[in-house]
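# Per-entry structural report
What follows is the residue order along each chain.
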Amino acid sequence: MPSTIIETAMTSEEVRVRFAPSPTGLLHVGNARTALYNWLFARRMGGKFLLRIEDTDVERSETRYEAQLMEDLQWLGLEWDEGPGTGRAGDPLENERGAYGPYRQSERQSTYAGLTQKLLDEDKAYRCFCSPEDLMAEHHLAVQEHRPQVYSGRCRRLSREEVEQRIAAGMPFAVRLKIGDEPLRFHDIVRGPVEFAPEAVSDPILVRSAQNGGPGMPVYNYVVTIDDALMQITHVIRGDDHISNTPKQVAIYRAFGWPVPEFAHLSTILGADRERLSKRHGATSIASFREMGYLPEALVNYLALLGWGAEDGKTETFTLAELVHAFKLERVTPSPAVFDFDKLNWLNRHAIKQTPSSRIADLVWASFGERLPARADASEAVHAWVARLVELIAPSVDKLDELAPKAACVFGFDPDAARALPENHAVLAADSARIVLAELADRVRTNSAKVTPELFKSWMNEMKAVTKVKGKELFHPVRIALTGVHSGPEFDKLLPLIEDGAELGLGIPCVHERVERFVGV
RNA sequence: GGCGCUAUCGUCUAGGGGUUAGGACGUGAGAUUCUCAAUCUUAAAACACGGGUUCGAUUCCCGUUAGCGCUACCA
């Protein structure tokens with residue numbers, strides 16, 4: 001049995017933390033924030049961050065979620081030191097690294113039975129033969145009398161003979177832990193000392209009664225505690241929905257004589273309506289944030305700020321490395337935080353500006369449409385040109401998925417669609433617009449040179465002088481003729497991009513072609 | 001109903017027995033631009049309420065209120 005391991009528990013000073021999700025759905029921001037804080041704490045303390053999969057709920061657990069989960073964690077940049085996915089790929093036995101495995105709860109079932117027997121033998125736990133009906137009745141009575149609804153401890157007082165008789169008679173039983181008279185205390189790094197009265201906890205179930213003669217299934221609170229202890233977890237960092245579970249777990253640590261770890265209960269993330277953030281609030285999974293075009297750097301930065309602040313009270317933008325340096329668990333706020341997309345967007349905009357445009361280009365490549373060859377097939381010149389395009393349009397965008405529509409000013413030239421656009425009607429209907437476009441067509445017809453910003457500027461100046469049209473009336477129709485819409489990037493950069501793009505053999509029309517097709521020369 | 005956690009601008013937060021209560025997002029205004037953004041400048045905006053303790057509380061204590069969590073032989 002793992003007793004040798006237990007004896008050495010906590011003897012080393014090394015910090016060991018864990019992220020223990022159940023693979024019953026997509027990783028959402030709340031859990032991701034928990035994972036992040038665990039990871040940051042481990043990295044800052046030079047400790048270990050482990051991943052444990054709590055897949056004992058066979059009905060709801062799915063392996064595809066487990067795979068997705070690991071992918072999401074990796075995307076965020078949160079590498080784990082022990083757990084599934086850390087070993088040699090392809091080999092299920094070598095698939096996890098770490099001395100405290102297995103790291104999937106479903107593979108640890110054999111560990112628990114022996115420990116339960118030990119508790120029973122030491123009289124720290126007892127068999128409870130109460131039927132669900134009995135328990136239900138107790139519960140209702142307690143509610144009626146405004147008392148805490150806890151187990152009466154009836155079976156705790158059974159004599160050894162009575163217990164033996166019932167076992168012999170084949171009565172199903174659950175195993176309960178004996179709670180003593182001592183208050184159940186623990187230290188919470190974000191909330192300070194927390195104490196529960198033992199009466200409020202009562203004797204919790206450790207192992208469920210067996211359905212059909214087989215061994216009963218151990219209960220969640222029991223299993224996490226054992227796993228955490230055997231894995232020598234020193235700091236349990238998790239959601240605050242576990243605060244009420246903690247006294248039970250403390251009692252279990254005590255029963256086994258194991259050292260109680262430090263706890264840090266993180267507040268809930270709320271939606272704008274101040275209700276717990278959920279699918280109802282829209283996309284909240286990490287996968288969906290990635291799809292929407294959020295950069296992992298931005299998401300990590302935002303999640304760090306949601307419940308924590310820098311020491312100087314001012315710094316808002318952090319890289320992962322900077323966070324490792326600055327993050328202190330003691331500075332985590334205990335109060336719940338409302339998730340704010342506006343601030344996330346601002347951070348994402350910032351992250352986009354910090355990122356080389358070639359990397360952004362790679363990320364959005366496929367969304368730019370058929371004119372572009374597959375990323376792998378594209379020439380260096382095409383890559384460089386796409387990066388230039390991204391550099392031009394990316395700084396004004398909140399999310400990556402806004403890039404493709406913006407890129408349409410280069411890729412999506414369609415005169416008929418441009419004319420059909422309602423917001424273009426008024427601009428194109430003006431007399432001045434007709435005159436301006438006629439002048440533009442004139443110049444295109446009589447000058448076949450590649451259109452440089454200088455040439456274009458001289459054209460515009462001439463046209464302004466000739467037509468006496470200026471400002472919006474002058475520029476808007478030209479812009480529509482060239483790009484289909486009346487707003488977009490500055491011409492000085494846009495024009496070279498179009499002209500160079502036209503030479504790439506991607507079927508991107510040059511300025512001349514655009515004007516000719518739009519005005520109909 | 002019981003037990004627990006929480007409470008500073010709209011939002012995320014800093015602060016802390018005496019402060020002009022600081023920063024950021026968002027919002028308003030201005031600048032800039034052919035345009036929309038972006039960008040820069042600037043403004044408005046907060047200590048939930050009631051009792052204590054104290055010379056003095058937003059800060060410490062106790063209540064109230066509100067929000068949230070747990071209240072299972074779920075995880």
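Provided above is the structure to which this section pertains.
Below you will find a few notes about this structure. (Residues numbered from 1 in each chain as written. Chains lettered and ligands numbered in written order. Predicted model: local features only at pLDDT ≥ 70, side-chain atom pairs only at ≥ 80, totals over all residues. Heavy atoms only, no water.)

### Some thoughts on the overall build of chain A
Using the following cut-off: For the purposes of this entry, the term helix denotes a DSSP run of H or I that reaches at least four residues, the term strand denotes a run of E that reaches at least two, and both are numbered from the N terminus. Contacts are assigned to residue pairs that have any heavy atoms within 4.5 Å of one another. Accessibility throughout is a Shrake-Rupley quantity obtained with a 1.4 Å probe, and a residue counts as covered only by protein chains that appear here. For this count, His and the chain ends are skipped, Lys and Arg are scored as positive, and Asp and Glu as negative. For charged residues, the charge sits on one atom: NZ in Lys, CZ in Arg, CG in Asp, CD in Glu.
Scanning chain A from terminus to terminus reveals 23 helices and 13 strands. The principal-axis extent of the C-alpha atoms belonging to chain A is close to 110 × 50 × 50 Å. Residue pairs at least 24 apart in sequence account for 71% of intrachain contacts in chain A once pairs closer than 6 positions are excluded. Here chain A has roughly 25,300 Å² of accessible surface; of this, 52% comes from carbon and sulfur atoms. Here chain A carries 61 positive and 74 negative side-chain charges, and the mean point of each set is 3 Å from the other.

### Overview of the sheet that holds strand 6 (residues 174-177)
Going by this rule: For two strands to pair, DSSP has to find at least two bridges joining them. Interaxial angle, 0 to 180 degrees, is taken between N-to-C directions of lines fitted to C-alpha atoms, where a helix line uses only the stretch in contact.
With antiparallel pairing, three strands are arranged side by side in an open sheet as 5-6-9. Of all strands in the sheet, those with a lone pairing partner are strand 5 (125-128) and strand 9 (205-207), marking the two edges. When strand polarity is set aside, the average angle formed by the axes of neighbouring strands in this sheet is 45 degrees. One ladder, built from four bridges, connects strand 5 with strand 6; its direction is antiparallel. Paired with R127 across the two strands is V175, which belongs to strand 6.

### Overview of helix 8 (residues 220-230)
The following threshold applies: In this scheme, a residue with accessible area under 20% of its type's maximum is buried, one over 50% is exposed, and one in between is partly exposed, where area comes from a 1.4 Å probe on protein chains only.
Within helix 8, ten of the eleven residues are buried, which leaves it mostly tucked inside the rest of the structure. Those residues of helix 8 not exposed but buried are N221, Y222, V223, V224, T225, I226, D227, D228, A229 and L230. Two residues or fewer past helix 8, Q232 is found with a positive phi of approximately 55 degrees.

### Considerations on the protein's contact with RNA strand B
Note the following rule: Here a residue is considered near a molecule or strand provided that any single heavy atom belonging to it is located within 4 Å of it. Any N or O atom pair separated by 3.5 Å or less is treated as a polar contact, with the protein-specific requirement of one donor-capable and one acceptor-capable atom, and with residues adjacent in sequence counted only for side-chain atom pairs.
Around RNA strand B, the structure places 54 residues, and the nearest of them are Q149, R191, R208, S209 and S487. Expressed as a percentage, the sugar and phosphate content of the atoms of RNA strand B within 4 Å of the protein is 71%. Backbone polar atom of G307 to a phosphate oxygen of RNA strand B: 2.9 Å apart, as the coordinates give it. Mapped by element, the contributors of at least two residues to the surface near RNA strand B are helix 5 (132-144), strand 13 (337-338), helix 13 (341-354) and helix 21 (471-483). In terms of residue count, helix 13 provides more of the surface near RNA strand B than any other element does, five residues in total.

### Digging into the packing of aromatic side chains
Which entries qualify depends on this criterion: The aromatic pairing rule takes the rings of Phe, Tyr and Trp, using the six-membered ring of Trp, and pairs them if the centres are within 6.5 Å, calling planes under 30 degrees apart stacked, those over 60 edge-to-face and the rest tilted.
Enumeration over the complete set of coordinates arrives at 17 aromatic pairs. Centroid distance F368 to F411: 5.7 Å. Interplanar angle 45 degrees. Geometry classified as tilted. Taken together, the positions of F368 in the loop between helix 14 (357-364) and helix 15 (380-393) and F411 in helix 16 (residues 403-411) put the pair 43 residues apart, joining distant regions of the chain. Taking 5.7 Å as the distance between ring centres and 85 degrees as the angle between the ring planes, the aromatic pair formed by W385 and F411 counts as edge-to-face. Taken together, the residues span a long stretch of sequence, with W385 in helix 15 and F411 in helix 16 at a distance of 26 residues.

### Regarding unusual backbone geometry
Of note in this structure, D123 is not a glycine but carries a positive phi near 65 degrees. With respect to the element layout, D123 can be found in the loop between helix 4 (109-121) and strand 5. Looking at D123, the relative accessible area reads 48%, which means it is partly exposed.

### Details of helix 3 (residues 63-76)
Selection rule: For a helix, the expected span equals 1.5 Å multiplied by the residue count minus one.
Between the first and last C-alpha of helix 3 there are 20 Å, a value that for 14 residues agrees with the 20 Å anticipated at 1.5 Å per step. Among all positions in helix 3, only Y65, E66, L69, M70, D72, L73, W75 and L76 are buried. Following helix 3 by one or two positions, G77 adopts a phi angle in the positive range, close to 90 degrees.

### Let's talk about the pattern of salt bridges
The condition that has to hold: When a carboxyl oxygen of Asp or Glu is within 4 Å of a side-chain nitrogen of Lys or Arg, the pair counts as a salt bridge.
Per the counting criterion, the structure on display carries 40 salt bridges. For D227, the salt bridge goes to R108, with nearest N and O atoms at 2.5 Å. Here R108 lies in the loop between strand 4 (96-97) and helix 4 and D227 lies in helix 8, a separation of 119 residues in the sequence. The same class applies to D227 and to R108, which are both buried. Taken together, the shared-partner salt bridges connect R18, R52, E54, R108, D227 and D228 into one network.

### What to know about the packing of helix 19 (residues 431-446) against helix 20 (residues 453-467)
What counts here: When an angle is under 35 degrees it counts as roughly parallel; over 145 it counts as roughly antiparallel; between 65 and 115 it counts as roughly perpendicular; any other value is oblique. Crossing handedness is read from the near helix: turned anticlockwise from the far helix by less than a right angle, it gives a left-handed crossing, and turned clockwise, a right-handed one. Each residue gets one of three labels, nonpolar for Ala, Val, Leu, Ile, Met, Phe, Trp, Tyr, Cys and Pro, charged for Asp, Glu, Lys and Arg, and polar for the others, Gly among them.
Two numbers describe how helix 19 lies on helix 20: the axes approach to 10 Å, and their chain directions differ by 135 degrees. In terms of axis orientation, helix 19 runs oblique to helix 20. When you trace helix 19 past helix 20, the crossing you get is right-handed. On the side of helix 19, the interface is formed by I435, V436, E439, L440, R443 and V444, while helix 20 contributes W459, E462, M463, V466 and T467. Among the residues making up the contact of helix 19 with helix 20, the classes are represented as seven nonpolar, one polar and three charged.

### Some thoughts on the pairing of strand 8 (residues 192-196)
Along any regular strand, the residues point their side chains to alternate faces of the sheet. Pairing analysis gives five bridges linking strand 7 (residues 184-188) to strand 8, with the strands arranged antiparallel. From the neighbouring strand, F186 faces strand 8, where its bridge partner is V194. Counted along the chain from strand 7 to the antiparallel partner strand 8, the turn is three residues long.

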